[in-house]
Amino acid sequence: MVTLMEKTATHLDVERIRADFPILKQKIHGHPLAYLDNAATTQKPLSVIERMTDFYMNEYATVRRGVYEMSARATIAYDEVREKVARFINAPSSSEIVFVRGTTEAINLVASGYGRPFVQAGDEVVISAIEHHANIVPWQQLCQEKGAVLKVIPVNDDGELDIEAYQALLTDKTRIVSVNHISNSLGTINPIKAMIDMAHQRGIPVLIDGAQSIQHMPIDVQALDCDFFAFSSHKIYGPTGIGVLYAKRQHLNAMVPYQTGGDMIESVTFEKTTFAKAPNKFEAGTPAIAEVIGLGAALDYINAVGYENIQPYEHHLLTYATQALLQIEGLRIIGNAREKASVISFVFDDIHPHDVGTLLDSRGIAVRAGHHCTQPVMERFHVPATTRASFSFYNTQQEIDALVDGLRMVTQVFR
Ligand code: 7TS
């Protein structure tokens, strides 16, 4: 299917983009849907939906196992997506791309596969104060098991990491640094290139949790020189149940398998098993075949729209929304970093975020209210929860106007 979009260097035709996303046309409680929860998950363009449907209708078969034609074709299509992912993030080789269920599984894989052999008692793991639970708990568990120490980079009142403090946290005992590229609850874009360079000066590998950056900006893992990069397909307009771990080959070779079973072996006897090479070593069991195909279609879609068009437009939405929200009496934005993605968390000191979210929903506006799986961030900013609006390139200024009107109603109802 040819997607309906217009690509020019400076202009994004949002109405034509929206035509690619059938779900956006609906009404919720009688109001046009304003889907502003893109940091949680993104909607799917027709090209992704139709590619997966077509695959199931005409091409579906298992991969890497069958001798028959359909399996061979499915395997080729599947392997092509691994190549496509490698090109998308500029990985040197598709053998450095491991398919996983999502960012959460990617981080767990590294905490287990890298952490078990290389982190010992007394060693240190560095994360930041603004991580998603997916980039806290696996490391905390590892540290507990090993008697290692979890160190946390502090964050200032604007939501920016304290880079001097970070540098001071890096020691001869640090075995890995694991930080997000963009905070899901504050929108902060972290200076990851500088952070990676600082860690590398001491020979420390760095994992970048790219769950939030992948939908907003081009990623070049070679330019970043990160050791690991993790993201989820569902946050870049692809299906759920599939994600990517990029890892440098030397790490993949040194890491131990995370799960064992079919597809990840070279040979098995009752006495001994030898493992396949990466990436297969880390992909036990029948993979999420149609989801991989869908991810490939999503990457094609983003390439066609172009980050060069997405970035300025989303930045415009961020600026427009920030200015408009600050006009609302009593509204406080949590997270005022100089470098921000199109994610805005806010609170009213006298109205609970769940009430805000519920009232907005009654007007068809979908936002997230809660701790956003970042409880330590809520504690740091002394709020129980926030309301979060997060914008994609398919959102419009009118939807932000609807959000602002909705919030004015909220303040009238609750005051
Ligand atoms: N890391 C970050 C920075 C995230 O934002 C998320 C999901 C994850 C990891 C986990 O990704 P998953 O695909 O494995 O679940 N963040 C959110 C969110 O902000 N609202 O819902 C999910």
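Refer to the structure printed above.
Residues numbered from 1 in each chain as written. Predicted model: local features only at pLDDT ≥ 70, side-chain atom pairs only at ≥ 80, totals over all residues. Heavy atoms only, no water.

1. Quick look at the site of the ligand
Here is step 1 of the chain: Around the ligand sit 15 residues in total, of which Thr104, Asp209, Ser232, Arg368 and Arg388 are the nearest.
Here is step 2 of the chain: Contact distances for the ligand include 2.7 Å between an oxygen atom and a side-chain N or O atom of glutamine 212.
Here is step 3 of the chain: A distance of 2.4 Å separates a nitrogen atom of the ligand from a polar atom in the side chain of arginine 368.
Here is step 4 of the chain: Here the residues of the shell around the ligand are counted per class, giving four nonpolar, seven polar and four charged. (Near = heavy atom within 4 Å. Polar contact = N/O pair within 3.5 Å; in protein donor to acceptor, adjacent residues only side chain to side chain. Nonpolar A, V, L, I, M, F, W, Y, C, P; charged D, E, K, R; others polar.)

2. Some words on helix α6 (residues 137-146)
Here is step 1 of the chain: Every buried residue belonging to α6 is among Pro138, Trp139, Leu142 and Cys143, and all of these are buried. All buried residues of α6 project into a common sector of 135 degrees when viewed along the axis, lining one side. When the buried face of α6 is taken as reference, the exposed residues oriented beyond 90 degrees from it are Gln144 and Glu145.
Here is step 2 of the chain: On the buried face of α6, the contacting elements are α4 (103-113), α5 (115-118), β5 (124-128), β6 (149-153), β7 (174-180) and β8 (206-209).
Here is step 3 of the chain: Looking one or two residues beyond α6, the residue adopting positive phi is glycine 147, at roughly 75 degrees. (Buried < 20%, exposed > 50% of the residue type's maximum accessible area, 1.4 Å probe, protein only. Helix = DSSP H or I, 4+ residues; strand = E, 2+ residues; numbered from the N terminus. Arc of directions from axis to C-beta. Contact = heavy atoms within 4.5 Å.)

3. Overview of the pattern of salt bridges
Here is step 1 of the chain: In this structure the tally under the stated criterion is 20 salt bridges.
Here is step 2 of the chain: Its salt-bridge partner being arginine 64, residue glutamate 283 comes within 3.0 Å of it at the nearest N-O pair. On the criterion of sequence distance, the pair formed by glutamate 283 in the loop between β12 (273-275) and α11 (289-305) and arginine 64 in the loop between α2 (46-59) and α3 (69-88) is long-range, its members being 219 residues apart.
Here is step 3 of the chain: A relative accessible area of 5% places glutamate 283 in the buried class.
Here is step 4 of the chain: In this structure arginine 64 comes out as partly exposed when scored by relative accessible area, which is 24%.
Here is step 5 of the chain: Where aspartate 225 meets lysine 248, a salt bridge forms, and the shortest distance between an N and an O atom there is 2.9 Å. You can see aspartate 225 sitting in the loop between α9 (221-224) and β9 (228-232) and its partner lysine 248 sitting in the loop between β10 (243-247) and α10 (249-254), a full 23 residues away along the chain.
Here is step 6 of the chain: By relative accessible area, aspartate 225 is classed as partly exposed at 30%.
Here is step 7 of the chain: The class for lysine 248 is buried, based on a relative accessible area of 15%. (Salt bridge = Lys/Arg side-chain N within 4 Å of Asp/Glu carboxyl O.)

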